[in-house]
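Descriptive structure summary
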Amino acid sequence: MRTLLVLSSLFAATATAGENQIILKDRPGKNQVIAQCAICHSPDYITQHATILDRAGWEKTVGKMINIMGAPINDYDKQIIIDYLAQNYGK
Amino acid sequence: MNERRHFIKKAAGSLAALGGLSLLHRSGLAVATGEEEATIMDALPGKEALIKKTYRPPNYETPVNYFDAPFTPNNRFFVRYHNAVIPEVKAGEWRLRIGGDALRSPLELTLEQMRRDFKPVEIAALCLCSGNRRSFFEPKVPGIQWGSGAMGNARWRGVRLKDVLAAAGIGKSALEVSLDGADSGVLKTTPDFIKSLPLAKALDENTLIAFEMNGEPLPHWNGFPARLIIPGWTATYWMKHLTAVNVMSKAFDGFWMKTAYRIPKDRFTSGQFSSQETGSAMPITEMLVNSLITNVEDGQSLPANKAMEIKGVAWDGGNGIAQVEVSTNGGVTWHQATLKQDYGRFSWRQWHFSFEPKRLGAYLIMARATSQSGASQPLEPIPNPSGYHHNAVQKITIKLA
């Protein structure tokens, strides 16, 4: 919990005014995506790939974020995030 | 919903202000629906409006109409970062640390010392993102979906990296030189953006540590107070906010060399960076011969004048441009374009071509550059997993009415 609080404040400190105008689809999983992915990058990284990545592509990308970019996402959230991205921003 | 409409309107307003009305149609902004991403113009602090690709880390490209000038204005120069923590470096506090296991005597230099102790050099060179035009690959590949604007031509002024390294003394075992900048990831677990160069490239007389760009200090978003300039090589090596240079006896094995920015060996010429090559892949290095039409856009309608002018730029990895040919009939016949002033083999070369249209209607315009080495642009881009090196001949349809 403490980690989560620290991370949220970090996000708030670094999010730009412009990116707050990006509205991700309001479906189950959105909260996890905002809480985890937006620690390091704005959500336009997601919308930009909507016509490019299918489910396998999103699985690979989320895996890269965890294994290479060091995103601290547990397996439970990982699956929720992949499902959200594949269903709402999948090719 | 209202908020979004307002946002698009605002973006449309900025585009119209740029005189890029036709861009609205090309980008689909005027009819933004569904999943298609609208073109958003946005200005980073200290910059003028650029085409926003991502807000954080900031990735912004230059609208093509700014490429009509021989040198790209600093406040319209493209911005590309991998990590979101980008400190505003103060010139007085900045230090460059020269170290590594294959260096004789480590050095720490201030900006003042750099300017005072080493010979100043200025080079005109094109800075081009490896993934420029990635969005034009079919099928599409993941990565920042750059259009044609992730590049810019500038006069870079600074000192030679080889002079600075000589002051510190290079050991006999030196193999690569690694480069690090002040930027970093939000999380400690994210790999720092570190690149390396083969020793020969680091010692090339054209490889600079630059402080100035087009006669001004580097803008913050382009690497203030000092960045690497590796003329002829793609911009991934042009480390911004340079803080550390390490001369190493071993090949650097970080993510940004070992895994990212790599191309298949069987489709591109190798031999530039043997210490980083594997059986099948190698780092991207030299830019390929390429050109861009800068004054007309695909789908644009124009009044039929007696003489129509097509303008653009052409470049390669440092051999220089030998010729640019233009076709107005989809490649059936080709004509020599006139090359403008030569600012050196690492600068892009402006060119123009005039023709008298004999009829109204559609014209398929193409431009093809050939380098002094004889290399020329292919009709289709060379497929590769990360969408680098897009240098296919453009095909632009204009309508004369």
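This is a predicted model, so every value here is computed, not measured.

Time to look at the overall build of chain B. Along the backbone of chain B there are six helices and 25 strands. The C-alpha radius of gyration of chain B comes to 22 Å, within 12% of the 21 Å expected for a compact globule of 401 residues. Projected onto its principal axes, the C-alpha coordinates of chain B cover approximately 70 × 55 × 40 Å. Looking at the 401 residues of chain B, the share that counts as buried comes to 45%. In chain B, the share of contacts with a sequence separation of at least 24, taken over all contacts with a separation of at least 6, comes to 67%.

Attention now goes to the overall build of chain A. A tally of helices and strands in chain A yields five helices and zero strands. Start at the N end of chain A and walk to the C end: the helices and strands fall as α-α-α-α-α. Every one of the 91 residues in chain A was classed for burial, and the buried ones make up 29%. Across chain A, every contact between residues at least 6 apart in sequence was considered, and the portion connecting residues at least 24 apart equals 70%.

With that settled, the discussion passes to the interface of chain B and chain A. Contacts between chain B and chain A engage 21 residues on the former and 26 residues on the latter. Among the elements of the structure, helix H1 (2-17) and strand S2 (50-54) of chain B are those that each provide at least two residues to the side of chain B that touches chain A. The element contributing the most residues to the side of chain B that touches chain A is H1 of chain B, with three residues. Across the side of chain B that touches chain A, the residue classes tally to eight nonpolar, five polar and eight charged.

Residues and elements named next belong to chain B. Here chain B shows a mean pLDDT of 92. Residues at 70 or above account for 91%. The low-confidence segment residues 1-35, where pLDDT is below 50, has 45 contacts with residues more than four positions distant or belonging to other chains. In the predicted assembly, ipTM is 0.88 and pTM is 0.91.

Before going further, it helps to examine the sheet that holds strand S14 (residues 242-248) of chain B. Residues and elements named next belong to chain B. Reading across from one edge, S6-S5-S14-S9-S10 is the order of the five strands in this open sheet, with mixed pairing throughout. Looking at the sheet topology across the chains shown, the edges are occupied by strand S6 (107-110) and strand S10 (194-198). Strand-to-strand twist of the sheet, defined as the mean angle between neighbouring strand axes without regard to direction, takes the value 20 degrees. Bridge analysis of strand S5 (residues 95-99) against S6 gives four bridges, and the strand direction is antiparallel. Considered in S6, the bridge of Arg97 is made with Glu108.

Turning our attention to the sheet that holds strand S21 (residues 335-336) of chain B. All names here are of chain B. Strand order across the open sheet formed by five strands is S18-S25-S24-S20-S21, with mixed pairing between neighbours. With one partner strand each, in any of the chains shown, strand S18 (301-302) and S21 form the two edges of the open sheet. When strand S20 (residues 321-327) meets strand S24 (residues 361-371), the two strands line up antiparallel, connected through six bridges. Residue pairing in the sheet places Val324 in a bridge with Ala369 of S24.

Take the confidence of the model for chain A next. For chain A, per-residue confidence averages 88 on the pLDDT scale, and residues scoring 70 or more make up 85% of the total. Contacts for the low-pLDDT stretch residues 1-13 of chain A, under 50 throughout, to residues beyond four places or in other chains number five contacts.

Quick notes on the rules
Residues numbered from 1 in each chain as written. Chains lettered and ligands numbered in written order. Predicted model: local features only at pLDDT ≥ 70, side-chain atom pairs only at ≥ 80, totals over all residues. Helix = DSSP H or I, 4+ residues; strand = E, 2+ residues; numbered from the N terminus. Rg over C-alpha atoms; globule rule 2.2 N^0.38 Å. Buried ≥ 20, exposed ≤ 12 C-beta atoms within 10 Å, placed from the backbone. Contact = placed C-beta atoms within 7 Å. Nonpolar A, V, L, I, M, F, W, Y, C, P; charged D, E, K, R; others polar. pLDDT = per-residue confidence, 0-100. Pairing = 2+ DSSP bridges. Axes fitted to C-alpha atoms, helices over the stretch in contact; angles between N-to-C directions.

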